[in-house]
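# Per-entry structural report
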Amino acid sequence: MVLVLRLLLTVTLYLFLGMAFYLLWRDLQRGEGERRGAPSAYLQWGESPPMRLRPVTAIGRARDNTIVLDDPFVSAHHALVLWRDGCWWVEDLESHNGTYLNDERLEHPAKLHSGDRLRMGESVLRFWES
């Protein structure tokens, strides 16, 4: 009887681990598809060269951001630009001075379109897709 219970427990454990690995693999594959599906998009700040966006692009004053803005009015972690649901989105990270999309303060995540202007502090970035 103990042997049967051990075998049953072993089979249950292997089924659980197999299902967990399958779900992880599926999520990783889904993430790869989203990254590959993101079209090229850029932000340009002043006269600097355009910066190509990643599927998740962090913007702020801290050095661990994807795009670092040397602006005293920009928060350490100010905003995110994300590829989600087939569109580029911008989201304010509860920054002190706010993020502005075409001169309107962001209250919620908003879709980006080519030619849009993002203002963070005294920095203005222009967004476009290619």
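Definitions and cut-offs
Residues numbered from 1 in each chain as written. Predicted model: local features only at pLDDT ≥ 70, side-chain atom pairs only at ≥ 80, totals over all residues. Heavy atoms only, no water. Patch = residues over 30% accessible without salt bridge, like charges linked within 9 Å, V, L, I, M, F, W, Y side chains within 5 Å. Areas by Shrake-Rupley, 256 points an atom, 1.4 Å probe, with all protein chains shown as cover. Salt bridge = Lys/Arg side-chain N within 4 Å of Asp/Glu carboxyl O. Helix = DSSP H or I, 4+ residues; strand = E, 2+ residues; numbered from the N terminus. Buried < 20%, exposed > 50% of the residue type's maximum accessible area, 1.4 Å probe, protein only. Phe/Tyr/Trp six-rings, centres within 6.5 Å; stacked < 30°, edge-to-face > 60°. Lys NZ or Arg CZ within 6 Å of the ring centre and 35° of its normal. Pairing = 2+ DSSP bridges. pLDDT = per-residue confidence, 0-100. Core = buried A, V, L, I, M, F, W, Y, C linked by side-chain atoms within 4.5 Å. Contact = heavy atoms within 4.5 Å. Lys, Arg positive; Asp, Glu negative; His and termini not counted. Polar contact = N/O pair within 3.5 Å; in protein donor to acceptor, adjacent residues only side chain to side chain.

Moving on, we get to a nonpolar patch on the surface. A cluster of nonpolar side chains, Leu13, Tyr14, Phe16, Leu17, Phe21 and Leu24, forms an exposed patch at the surface whose accessible area comes to about 700 Å². Checked against the element boundaries, leucine 17 lands in helix H1 (residues 2–37).

Scanning all chains against the criterion turns up 1 salt bridge. Residues aspartate 103 and arginine 117 are paired through a salt bridge, measuring 2.9 Å at the closest nitrogen-oxygen approach. In this pair, aspartate 103 is assigned in the loop between strand S7 (99–101) and strand S8 (104–105) and arginine 117 in strand S10 (residues 117–120), connecting sequence segments 14 residues apart. Relative accessible area serves as the criterion here: at 53%, aspartate 103 is assigned to the exposed category.

Here the distance between the centres and the angle between the planes together describe a pair of aromatic rings. Going through the model one piece at a time under the given rule, you end up with 2 aromatic pairs. We note arginine 84 situated over the ring of tryptophan 89; from NZ or CZ to the ring centre the distance is 5.1 Å. Taking the ring centre of tyrosine 100 as reference, the NZ or CZ of arginine 119 above it sits at 4.2 Å.

On to the sheet that holds strand S1 (residues 41–45). Pairing in this open sheet of 6 strands is antiparallel, and the strands run S2-S1-S11-S10-S7-S8 from one edge to the other. What marks the edges here is a single partner per strand, and that holds for strand S2 (51–52) and S8. In the sheet, S1 pairs with S2 via 2 bridges, with the strands oriented antiparallel. Within S2, the residue paired with tyrosine 42 across the bridge is arginine 52.

Our next topic: the sheet that holds strand S9 (residues 110–111). Here 5 strands make up an open sheet; going across it, the order is S4-S3-S5-S6-S9 and the pairing mixed. The open sheet has two free edges, formed respectively by strand S4 (67–68) and S9, since each of these has just one partner strand. By the bridge criterion, 2 bridges tie strand S3 (residues 56–60) to S4 in an arrangement that is parallel. Among the inter-strand pairings, glycine 60 is bridged to a residue of S4, identified as valine 68.

What follows covers the confidence of the model for the chain. The share of residues in the chain with pLDDT of 70 or more is 92%, and the mean pLDDT across the chain is 89. Per-element confidence in the chain ranges from a low mean pLDDT of 74 for H1 to a high of 98 for S7.

Turning next to the nonpolar core. Leu43, Val81, Trp88 and Leu118 are the most contacted members of the largest nonpolar core, which totals 21 residues. Per-element tally for this core: the top contributor is strand S5 (residues 79–84), with 3 residues. Sequence-distant contacts of leucine 118, defined by excluding residues within four places in its chain, comprise Leu43, Val81, Val90, Tyr100, Leu101, Leu112, Ser123, Val124 and Leu125.

This paragraph deals with the side chain of aspartate 92. Mapped onto the elements of the fold, aspartate 92 is located in strand S6 (residues 87–92). One buried charged side chain, aspartate 92, makes no salt bridge at all; its nearest oppositely charged neighbour is arginine 105, positioned 5.6 Å away. Looking at aspartate 92, its side chain comes within polar contact range of the main-chain nitrogen of glutamate 94, at 3.0 Å. In this structure the side chain of aspartate 92 is engaged in a polar contact, spanning 2.6 Å, whose partner is the side chain of serine 95. Ignoring sequence-local partners within four residues, the contact set of aspartate 92 consists of His78, Ala79, Gly98, Thr99 and Leu106.

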